[in-house]
Amino acid sequence: MGPIKMEVIGPGCRFCKKLYDLMGGIVQEKGIDAELLHVTDLKQVMRYVPLTPVLKINGEIAHRGKFLPSKEKLTTIIVKKLQL
C-alpha cells in the first residue's frame, strides 16, 4: 500500500492552516507514510462551504468545520481511519 492521502480543504484561513499544521505534526510524530495536501482550489473548497476546513483521509471526510479537535482527538481519528 502506498502513502495515505490526507487533504485539508479550505480557503487558506487560520483554521485551515492550523488543521494542516496539526496534521503535519501528527504524521511526523507517528511516522505515517502520508501525502498531506492543503487544497485551496476554489472549485474544491466551494463544495464544502460553509463547513470548512474539511479533513479527508483516503477520500473519506474525517472532520469538518472551524471547531477543530485537539491534537489527541485528531490522532485518534487518524488511527481509527487507518486501523494503525
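Here's a quick rundown of the structure. It should be emphasised that the depicted structure is a prediction, and the values quoted were computed from it without experimental measurement. (Residues numbered from 1 in each chain as written. Predicted model: local features only at pLDDT ≥ 70, side-chain atom pairs only at ≥ 80, totals over all residues. Heavy atoms only, no water.)

With that settled, the discussion passes to the pattern of salt bridges. Going through the model one piece at a time under the given rule, you end up with two salt bridges. Residue K71 pairs with E29 through a salt bridge whose shortest N-O separation is 2.4 Å. Of this pair, K71 sits in helix α3 (residues 71–82) while E29 sits in helix α1 (residues 14–30), and the two are 42 residues apart along the sequence. Residue K81 pairs with E60 through a salt bridge whose shortest N-O separation is 3.1 Å. Note that K81 is positioned in helix α3 and E60 in strand β4 (residues 60–64), a separation of 21 residues in sequence. (Salt bridge = Lys/Arg side-chain N within 4 Å of Asp/Glu carboxyl O. Helix = DSSP H or I, 4+ residues; strand = E, 2+ residues; numbered from the N terminus.)

Attention now goes to the environment of T75. Assignment of secondary structure puts T75 in helix α3. Counting along the chain gives 55 residues from T75 to Y20, while the straight-line C-alpha distance between them is 13 Å.

We now examine the pairing of strand β1 (residues 4–9). A regular strand places its side chains so that they alternate between the two faces of the sheet. Within β1, five of the six residues are buried, which leaves it mostly tucked inside the rest of the structure. At this point the chain moves from β1, through α1, to the parallel strand β2 (residues 34–39), and the crossover so formed is right-handed. Here β1 pairs with strand β3 (residues 54–57) via four bridges, running antiparallel. Each residue of the ladder has a partner; that of M6, found in β3, is I57. (Buried < 20%, exposed > 50% of the residue type's maximum accessible area, 1.4 Å probe, protein only. Right-handed = clockwise from strand over helix to strand, strands pointing away. Pairing = 2+ DSSP bridges.)

Here we take up the sheet that holds β1. An order of β2-β1-β3-β4 is seen for the four strands of this open sheet, with the pairing classed as mixed. Either end of the sheet is taken by a strand with one partner, and the two such strands are β2 and β4. Direction aside, neighbouring strands of the sheet carry axes that sit 20 degrees apart on average. In the sheet, β3 pairs with β4 via four bridges, with the strands oriented antiparallel. Within β4, the position partnered with I57 by the bridge is E60. α1 rests against β1, β2 and β3 of the sheet, and its axis sits at about 175 degrees to β2. (Axes fitted to C-alpha atoms, helices over the stretch in contact; angles between N-to-C directions. Contact = heavy atoms within 4.5 Å.)

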